[in-house]
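For reference, the chains in residue letters:
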Amino acid sequence: MTPSVVTEKTDQLLSPWSDAAAMQTMTPLLKGANRLRRAISPSLLQCRADNWSASSLHADLYEVAHIYLSGVGDTQVPDEQYTLGIVAGMTFLEMKGVVESLLLALGITVPLRVTRHAVHGSDREQSVALYIGEHRIGFLGLIDRKANAHLKLPGDTSFAEIALTPLFAQSTL
């Protein structure tokens, strides 16, 4: 379980959902953490790096929590999105298999569709948006080598972010 407020450095690691600036709080809840997270994966990447530095070799992590996306329109009410975030020491295709297995377990019969989608912090050749029918449900990618090196992570690290409300709407269970 990671905090909903993050530092600017953590916020900048990866933001698949929005390029808009993160909303900020005037009173940081943790030292230097004054941004509401726009994604779960950056916090999980930091946890993975912390685990690796403490000699925990297999820190494959997930979290179900809210992310906070800047509002649109005149009201500027933020979108509080219920999201699944996953980071793991696996290839892009292995993570895609994890997502497909999740859809199967939820009884989703509509095929998963992927389209290329560049996400800052991910490998541009292995970064996609995920769709069920016409509904975008999330993103999947391989963390780029620069971010992996910055976090001092060995080998491939992949991520997935999935909005749960549209996912559950497609479930037949």
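One can find the structure itself at the top, above this paragraph.
Given the structure is predicted, the values throughout are model-derived calculations rather than measurements.

Novice: I keep staring at the side chain of Arg35 and nothing clicks. Help me out?
Specialist: One can find Arg35 in strand β2 (residues 35-36). When its relative accessible area of 13% is taken as the criterion, Arg35 is described as buried. Here Arg35 is in contact with Ser4, Val5, Val6, Thr7, Glu8, Asp11, Ala22, Met23 and Gln24, once residues within four sequence places are set aside.

Novice: Looking at this structure, how should I read the pairing of strand β7 (residues 135-143)?
Specialist: In the case of a regular strand, side chains alternate between the two sheet surfaces. With seven of nine residues buried, β7 lies mostly within the body of the structure. With seven bridges connecting them, strand β6 (residues 122-132) and β7 associate as antiparallel partners. If you follow Tyr131 over to β7, its bridge partner there is Arg136. Hairpin connection between β6 and β7: a loop of two residues separates the two successive antiparallel strands, and Gly133 in this loop has a positive phi of roughly 65 degrees. Sheet topology places β7 next to strand β8 (residues 158-163); five bridges connect them, and they run antiparallel. Within β8, the position partnered with Leu140 by the bridge is Ala160.

Novice: What am I meant to see in the sheet that holds β6 here?
Specialist: Across a sheet, paired strands are connected by hydrogen bonds in the backbone, their directions being either parallel or antiparallel. Within the open sheet, the six strands sit side by side as β3-β4-β8-β7-β6-β5. Their pairing is antiparallel. In this open sheet, the two edge strands, each paired with only one partner strand, are β3 (61-69) and β5 (112-116). Here the strands of the sheet are splayed against their neighbours by 25 degrees on average, with no regard to which way each runs. Sitting on the sheet, helix α2 (residues 41-53) is in contact with β3, β4 (79-88), β7 and β8, with an inclination near 30 degrees to β4. Along the sheet, helix α3 (residues 92-105) makes contact with β4, β5, β6, β7 and β8, crossing β7 at roughly 150 degrees.

What counts as what
- Residues numbered from 1 in each chain as written.
- Predicted model: local features only at pLDDT ≥ 70, side-chain atom pairs only at ≥ 80, totals over all residues.
- Heavy atoms only, no water.
- Helix = DSSP H or I, 4+ residues; strand = E, 2+ residues; numbered from the N terminus.
- Buried < 20%, exposed > 50% of the residue type's maximum accessible area, 1.4 Å probe, protein only.
- Contact = heavy atoms within 4.5 Å.
- Pairing = 2+ DSSP bridges.
- Axes fitted to C-alpha atoms, helices over the stretch in contact; angles between N-to-C directions.

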